Amino acid sequence: MKKHIVVIAGDGIGQEVTAVGKQVLDAVAQKYGHEFTYDTALIGHAAIEATGNPLPEETITKSKASDAILFGAVGHPKYDNDPSAKVRPEQGLLGIRKALGLYANLRPIKLFDELLGASSIRPEILKGADILFFRELTGDVYFGEKGRSDDRDTAYDTMIYSRYEVERIARKAFEAAMTRRRRLCSVDKANVLESSRLWREVVQAMAPEYPDVVVEHQFIDAAAMLLIKDPRRFDVVLTGNLFGDILTDEASQIAGSMGMLASASIGDTTGLYEPIHGSAHDITGKGVANPLASILSAALMLDISFGMKAEAEEVVSAVDAALKAGYRTRDIADADTPDDMILGTEAMGSQILTQLASVAENQVV
Ligand code: NAD
Ligand code: IPM
Ligand code: MN
């Protein structure tokens, strides 16, 4: 199969982990006889430096013309510490999500058994946790009207949702629940927020269409608590843009690290595949970033955008095999991990390629 992929590595560790994600795509293409062609495009701080714009028009054009996008991260400490900056790297990411209509962000929380000890949560609470988040991605307080008063002493952001926006993401979540354990938890703040009351109303109205799905509603504050208290009670979680952003960083601790969480941002056209983590200034350039979130994002691309289920499963198996063999990056190592099993970004990438090659050999008939 021929596919054209745009690689938008962005900033910080985005560059480091995306290079590894692409190597894995190359290895898959070679093994299965696919032809993947690539282009690159600028975003974030890198794009501001080169063009003054965090999302150059060319990046949108190239992205729209591609079959899928492998995305890294955006962000730079310069902006994090300068609230007055008008042009910001994050605008690039928000802009491309909006420009491509990527309203559904799927964030699977998959705990590899080998990483039970890497989490700060007790293993007996965690074992078997498997959650799929549906985070709405192009609405909410992220995209509502925002501004400052004339004296600049008052600021506002508007939390806003329309019925169709809730319906289309809820539909995806219900459909997914039907293929999983048939439980859907919708998270909102309907005891306080009008936009959440609309959210809850829409989800309640849709529930009878899916009689096999057990639907529950939780408020965001309680959901944040339950996620850590009893992660296994969740199957599919459906929530808005802001709540989903926060809950999934929290949920990364179920999977062991931010460096383990992949995501798929999808809409009606080209899908964009992105780790949930950011540019991680604290470890940029040190070669220690965990590339598995990027690799697992590549696996989601193979599965969702290209319909290459076997290829996607093979990538996940290769990750599993590398972890079973004892290899770790620093973020997922624990007190028992021997020093020589703690790998850097590239070395972990090489391990996955090695595992992929051996998984491949086993499967060749
Ligand atoms: P972050 O996700 O970059 O980092 C949070 C913590 O997790 C850091 O300690 C970091 O070292 C660690 N971490 C993250 N990814 C890792 C990996 N692959 N391997 C090992 N450790 C990893 O969040 P932050 O520090 O709050 O933000 C840094 C910058 O990134 C900010 O400018 C922010 O706006 C941006 N950001 C971008 C995205 C994105 O592009 N999708 C997401 C979140 C934050
Ligand atoms: C994420 C990030 C982004 C978000 C930022 C960088 C705009 O935190 O992808 O989770 O809030 O969506
Ligand atoms: Mn986030």
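What counts, and where the lines are drawn
- Residues numbered from 1 in each chain as written.
- Chains lettered and ligands numbered in written order.
- Predicted model: local features only at pLDDT ≥ 70, side-chain atom pairs only at ≥ 80, totals over all residues.
- Heavy atoms only, no water.
- UniProt positions renumbered as here; feature names shortened; annotations may be inferred.
- Buried < 20%, exposed > 50% of the residue type's maximum accessible area, 1.4 Å probe, protein only.
- Helix = DSSP H or I, 4+ residues; strand = E, 2+ residues; numbered from the N terminus.
- Pairing = 2+ DSSP bridges.
- Axes fitted to C-alpha atoms, helices over the stretch in contact; angles between N-to-C directions.
- Near = heavy atom within 4 Å.
- Polar contact = N/O pair within 3.5 Å; in protein donor to acceptor, adjacent residues only side chain to side chain.
- Areas by Shrake-Rupley, 256 points an atom, 1.4 Å probe, with all protein chains shown as cover.
- 1 Å grid on protein atoms, 1.4 Å probe; cavity = no way out; pocket = protein on both sides within 12 Å on 5 of 7 lines; lining within 4 Å.
- Sits in = over half its atoms within 2 Å of the grid points.
- Nonpolar A, V, L, I, M, F, W, Y, C, P; charged D, E, K, R; others polar.
- Domains from an automatic or database assignment.

Under an unreviewed UniProt entry, the name given to the protein is 3-isopropylmalate dehydrogenase, and the source organism is Spirosoma oryzae. The record held by UniProt for the protein lists under Catalytic activity (unreviewed entry) the comment "(2R,3S)-3-isopropylmalate + NAD(+) = 4-methyl-2-oxopentanoate + CO2 + NADH". The Function (unreviewed entry) comment attached to the protein in UniProt states, word for word, "Catalyzes the oxidation of 3-carboxy-2-hydroxy-4-methylpentanoate (3-isopropylmalate) to 3-carboxy-4-methyl-2-oxopentanoate. The product decarboxylates to 4-methyl-2 oxopentanoate."

## Regarding the pairing of strand E10 (residues 236-239)
Of the two faces of E10, both are covered, the one formed by Val236 and Leu238 as well as the one formed by Val237 and Thr239. The pairing of strand E5 (residues 130-136) with E10 spans four bridges and is classified as parallel. Within E10, the residue paired with Phe133 across the bridge is Val237.

## Structural notes on the sheet that holds strand E2 (residues 35-40)
The strands making up a sheet associate through hydrogen bonds between their backbones, and the pairing can be parallel or antiparallel. Strand order across the open sheet formed by ten strands is E2-E1-E3-E12-E11-E4-E5-E10-E8-E9, with mixed pairing between neighbours. Strand pairing shows two members of the sheet lacking a second neighbour, E2 and strand E9 (214-219), which therefore form its edges. Pairs of neighbouring strands in the sheet enclose a mean axial angle of 25 degrees, with direction left out of account. Where strand E1 (residues 2-10) meets E2, six bridges bridge the pair, whose relative direction is parallel. Among the inter-strand pairings, Val7 is bridged to a residue of E2, identified as Thr40.

## Some thoughts on the site of ligand 2
Near ligand 2 you find Glu90, Leu94, Arg97, Arg107, Arg135, Tyr142, Asp245 and Ile276, and these make up its full shell. One of the side-chain N or O atoms of Tyr142 is found 2.5 Å from an oxygen atom in ligand 2. In this structure, an oxygen atom belonging to ligand 2 sits 2.9 Å away from a side-chain N or O atom of Asp245. For ligand 2, whose free accessible area comes to 320 Å², the fraction covered by protein is 79%. Under a 2 Å grid-point criterion requiring more than half of the atoms, the pocket assigned to ligand 2 is the largest pocket. Sort the elements by how many residues they give to the shell around ligand 2 and helix H5 (residues 89-99) lands first, with three residues. Its residues placed into classes, the shell around ligand 2 shows three nonpolar, no polar and five charged. Structurally, the shell around ligand 2 is a two-domain feature, drawing no fewer than three residues from each of domain 1 (1-110 + 257-365) and domain 2 (120-255).

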